[in-house]
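Here is what each chain is made of, one letter per residue.
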Amino acid sequence: MKKKFIIGIGGVTNGGKTTLTQRLIKMLPNCCVVHQDDFYKKPDQIEVGEDGFKQWDVITALDMEAMTNTIRGWIENPVKFARSHGVNLARTDDVSEPEEQTHILIVEGFLLYNYQPLLDVFDKCYYITIPYEECKRRRSTRQYTVPDPPGLFDGHVWPMYLKHRTMMEASHLTVDYLDGLKTKEEIYNQVYEDIQSNFLNRL
Ligand SMILES: Nc1ncnc2c1ncn2[C@@H]1O[C@H](COP(=O)(O)OP(=O)(O)O)[C@@H](O)[C@H]1O
Ligand SMILES: NC(=O)c1ccc[n+]([C@@H]2O[C@H](COP(=O)(O)O)[C@@H](O)[C@H]2O)c1
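Computed from a predicted structure; not experimentally measured.

### Points about the overall build of the protein chain
Helix and strand content of the protein chain: six helices and five strands. For the protein chain, the α and β elements follow one another from N to C terminus as β-α-β-α-α-β-β-α-α-β-α. For the protein chain, the C-alpha radius of gyration of 18 Å lies close to 17 Å, the compact-globule estimate for 203 residues. Overall, the protein chain is about 60 × 35 × 30 Å in size when its C-alpha atoms are taken along their principal axes. The 203 residues of the protein chain split such that 29% are buried.

Laid out in structure tokens, this is it:
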């Protein structure tokens, strides 16, 4: 029986991916996380488009090879990965050895399903959506390491989101959509129960 599961939490910027991920990793056993944002290239390596904006919301702004290698490291040895990332493993006195237990990796990011080499690693693909107005409102209060210049949301962020979502939908990947307008609690409960019934109760 398979005992390693990779769960993607993708979706629009400010949809609530990180919020959901933080709650899940607290509650799921033997659960590690990879954040796509950690693989951003340095600001001076980000291309400037014809529109004058730095192109932050495209796949080439991220070191996807490094991210793929990190995920492959977890696949090869989730116990070693967990230990080296300070993740507590389930106690071994009343269950099996760590190597025999179920391990979960959550991969979180806004462009998860637009990089071909990673598409087949996911056992489950969630995708959080929120409408334009709510996204723009949440984004306006968000502090990134590099602040958004005026006009970036309408000129780059939102159009790139629509473009990448259309590309994902054309890829025939099976995606479970999550309504990011629901409360944090509702979204968490929905996903937690889904993971429990799909991956944990079946073992
Ligand atoms: N379900 C929700 N309802 C209302 N606000 C939310 C919800 N989930 C997240 N937020 C808020 O939206 C902002 C972005 O959340 P975050 O989890 O960082 O999104 P992402 O990782 O998708 O960019 C934060 O201020 C967070 O508190
Ligand atoms: N983490 C960074 O270094 C950085 C810098 C500039 C913009 N961003 C923004 O981060 C967004 C993606 O992250 P979220 O899905 O967490 O919002 C993109 O829309 C991008 O414009 C991130």
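Having seen the model, we can carry on.
### With respect to the sheet that holds strand S4 (residues 124-129)
Pairing in this open sheet of five strands is parallel, and the strands run S2-S3-S1-S4-S5 from one edge to the other. For this open sheet the edge positions go to strand S2 (31-35) and strand S5 (176-179), each flanked by a neighbour on one side alone. Pairwise comparison of adjacent strand axes, ignoring direction, gives a mean angle of 20 degrees for this sheet. Across the face of the sheet, helix H1 (residues 17-27) comes into contact with strand S1 (4-11), S2, strand S3 (103-108) and S4 while running at roughly 165 degrees to S3. The strands touched by helix H6 (residues 184-200) are S1, S4 and S5; relative to S5, the strand with the most contacts, the crossing angle is about 155 degrees.

### A word on the site of ligand 1
Around ligand 1 lies a shell of 13 residues, among which Asn14, Gly16, Lys17, Thr18 and Thr19 are the nearest. Elements with a contribution of two residues or more to the shell around ligand 1: H1 and H6. Partitioned by chemical class, the residues of the shell around ligand 1 number one nonpolar, eight polar and four charged.

The rules behind these values
Residues numbered from 1 in each chain as written. Chains lettered and ligands numbered in written order. Predicted model: local features only at pLDDT ≥ 70, side-chain atom pairs only at ≥ 80, totals over all residues. Helix = DSSP H or I, 4+ residues; strand = E, 2+ residues; numbered from the N terminus. Rg over C-alpha atoms; globule rule 2.2 N^0.38 Å. Buried ≥ 20, exposed ≤ 12 C-beta atoms within 10 Å, placed from the backbone. Pairing = 2+ DSSP bridges. Axes fitted to C-alpha atoms, helices over the stretch in contact; angles between N-to-C directions. Contact = placed C-beta atoms within 7 Å. Near = placed C-beta within 6 Å. Nonpolar A, V, L, I, M, F, W, Y, C, P; charged D, E, K, R; others polar.

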